[in-house]
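Summary of structural features
One-letter residues, chain by chain:
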Amino acid sequence: MSEKSDDTIVKPSDDEYMIRCENLVKIYKTSDVEAVALQGLDLDVKKGELMAIVGNSGSGKSTLLNMLGGLDRPSAGSLLIDGKNLLKFTDKDYMEYKRDTVGFVWQNNARNLVPYLTAVQNVELPMLLKGKRGRRQRALELLNKVGLSKRKNSRLDQMSGGEQQRVAIAIAMANDPKLLLADEPTGSVDTRTSAMILDIFKELNRTEGVTVVIVTHDLKLADHIDRVVAIRDGRTSSEIIRKKSYADELSEIGSLGGEEEFTHEELAVLDRSGRLQLPKDYMQALDIKGGDKVKVELDEERNGMFLYRSG
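Let me sum up the structure you'll find in this document.

When helices and strands are counted, the chain shows eight helices and 13 strands. Within the span of the chain, comprising 311 residues, buried residues form 43% of the whole. Carbon and sulfur atoms provide 49% of the accessible area of the chain, an area that totals close to 17900 Å².

What follows deals with the packing of aromatic side chains. Overall, the coordinates contain three aromatic pairs when judged by the stated rule. Considering the side-chain rings of F89 and Y97, the 5.9 Å spacing of their centres and the 70° angle between planes classify their relative orientation as edge-to-face. One exposure class covers both F89 and Y97, and it is buried. Grouped by ring-pair contacts, the aromatic residues F89, Y94 and Y97 constitute a single cluster. Across the ring face of Y28, the terminal group of K26 is positioned such that the distance to the ring centre comes to 5.0 Å.

Overall, the coordinates contain 20 salt bridges when judged by the stated rule. Between D176 and K132 there is a salt bridge, with the nearest N and O atoms lying 3.1 Å from each other. Residue D176 is found in the loop between α5 (161–172) and β7 (179–183), and its partner K132 is found in the loop between α3 (119–130) and α4 (135–145); the two are separated by 44 residues along the sequence. Between D176 and R138 there is a salt bridge, with the nearest N and O atoms lying 2.7 Å from each other. Of this pair, D176 sits in the loop between α5 and β7 while R138 sits in helix α4, and the two are 38 residues apart along the sequence. Accessibility expressed as a relative area gives 12% for R138, which makes it buried. Taken together, the shared-partner salt bridges connect K132, R138, E141, K145, D176 and E208 into one network.

Within the element layout of this structure, N112 appears in the loop between β6 (102–105) and α3. Separated by eleven residues in sequence, N112 and V123 place their C-alpha atoms 9.9 Å apart. Not counting chain neighbours up to four residues away, the residues in contact with N112 comprise F104, V105, W106, N122, Q165, A168 and I171. In terms of polar contacts, N112 uses its side chain to reach the backbone carbonyl oxygen of W106, at 3.2 Å.

This part takes up the sheet that holds strand β4 (residues 76–81). The sheet built from four strands is open, its strands ordered β2-β1-β4-β5 with antiparallel pairing. Only two strands of the sheet have a single partner each, and these edge strands are β2 (34–46) and β5 (84–85). Two strands pair when backbone bridges link them, and strand β1 (residues 17–29) and β2 are joined in this way by ten bridges, in the antiparallel orientation. If you follow Y28 over to β2, its bridge partner there is A35. Seen against the sheet, helix α1 (residues 61–68) touches β1, β2 and β4 and runs at an angle of roughly 115° to β1.

Turning our attention to the nonpolar core. Among the nonpolar cores identified, the biggest contains 38 residues, and V123, L143, V167, I169, L180, F201 and I214 are the most heavily contacted of them. Within the residue set of this core, elements represented by two or more residues are β3 (50–54), α3, α4, α5, β7, α6 (191–208), β8 (211–216) and β9 (227–232). A total of six residues in this core trace back to one element, the largest contributor, which is α5. Residues contacting L143, with those up to four places away along its chain left out, are A119, V120, V123, L148, S149, K152, V167 and A170.

Helix length check: α5 (twelve residues) gives 17 Å between terminal C-alpha atoms against 16 Å at 1.5 Å per residue, within 8%. Burial of α5 is extensive: eleven of the twelve residues sit out of reach of the surface. Within α5, the full set of buried residues consists of G162, E163, Q164, Q165, R166, V167, A168, I169, A170, I171 and A172. In this fold, the buried residues of α5 make contact with β6, α3, α4, β7 and α6.

Now for the packing of α3 against α5. Axis separation between α3 and α5 bottoms out at 8 Å; the angle between their running directions is 25°. By the criterion of interaxial angle, the relationship of α3 to α5 is roughly parallel. The crossing of α3 and α5 is right-handed. Contacts between α3 and α5 involve A119, N122, V123 and P126 from the former and V167, A170 and I171 from the latter. The class makeup of the residues in the contact of α3 with α5 is six nonpolar, one polar and no charged.

Our next topic: the pairing of β8. Remark: a regular strand shows side chains that alternate across the two faces of the sheet. Counting buried residues in β8 gives six out of six residues, a clear majority hidden from the surface. Burial along β8 is two-sided: T211, V213 and V215 and V212, I214 and T216, pointing in opposite directions, are all buried. In this structure, β3 lies alongside β8, joined through five bridges in parallel fashion. Looking across to β8, one finds that L50 is bridged to V212. Alignment of β7 against β8, held across five bridges, turns out to be parallel. By the bridge assignment for β8, L180 is matched with V212. Crossover connection from β7 via α6 to parallel β8: handedness right-handed.

Here is what the cut-offs are and how they apply
Residues numbered from 1 in each chain as written. Predicted model: local features only at pLDDT ≥ 70, side-chain atom pairs only at ≥ 80, totals over all residues. Heavy atoms only, no water. Helix = DSSP H or I, 4+ residues; strand = E, 2+ residues; numbered from the N terminus. Buried < 20%, exposed > 50% of the residue type's maximum accessible area, 1.4 Å probe, protein only. Areas by Shrake-Rupley, 256 points an atom, 1.4 Å probe, with all protein chains shown as cover. Phe/Tyr/Trp six-rings, centres within 6.5 Å; stacked < 30°, edge-to-face > 60°. Lys NZ or Arg CZ within 6 Å of the ring centre and 35° of its normal. Salt bridge = Lys/Arg side-chain N within 4 Å of Asp/Glu carboxyl O. Contact = heavy atoms within 4.5 Å. Polar contact = N/O pair within 3.5 Å; in protein donor to acceptor, adjacent residues only side chain to side chain. Pairing = 2+ DSSP bridges. Axes fitted to C-alpha atoms, helices over the stretch in contact; angles between N-to-C directions. Core = buried A, V, L, I, M, F, W, Y, C linked by side-chain atoms within 4.5 Å. Expected span 1.5 Å × (residues − 1). Parallel < 35°, antiparallel > 145°, perpendicular 65-115°, else oblique. Left-handed = near helix turned anticlockwise from the far one by under 90°. Nonpolar A, V, L, I, M, F, W, Y, C, P; charged D, E, K, R; others polar. Right-handed = clockwise from strand over helix to strand, strands pointing away.

Keep in mind these values describe shape, not function.
What follows is the structure, encoded as structure tokens:
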């Protein structure tokens, strides 16, 4: 019997990742204008993760969200979601992907809800279109998860903005997606309702096992999410990582209060081509701006860390 060679190379498996973006590019073209929305973006999101993407207007975060949701096609690069290569998708593949794999929560409630239907009927609708059985039971279960059991028979005009958004989350979960995307889900509600909506995402992530990606311009979300990816100029520029998980922190302090100043640290992201974007605070401290030339030296006294300074 021959023995198995010990020098077999085992490549890392993609099975643990829900999203893998590598050198992702999106170019919008018109007859005389060409705009680059994403220029070589890299991003990995593990299955079952809850994370946020932040960035200023025009940073590329909405473009990325549309591609993750199957609403727009990448121009180049690699985009794998649940092991499927979206660059090779046909129109039929995209239709099935949007129906079976991904759920979408829009900031504008009008895109989520049918106004003349009740809350429970709205949640049933995606299941009805898919021909699923047990629709009413599943719809009631999801409304209970978002805290709206008592509002199941209410129509859109009978609910507050926060209640409408919670119904929208239940609708997005109706067909049991593997990936839940949310576009500015707390953008049009007050602080208290915003915290409630974020708690719902956390609970669905925990109990349903769904991967959750929240796109927002609100940096305060970092206070309550363990991993936040910042996008600038169409690339992943940095990650804001919580030093302790939010759950561990709450258990230690015993309340929602506490000091937040040192709970996170921002890390610059070196992409697969060796490019680096410095955080804005670092650029201000070094008195440099985009387009400036900088000198890079190897600092032997700091364990090989790189030192950036004005040229």
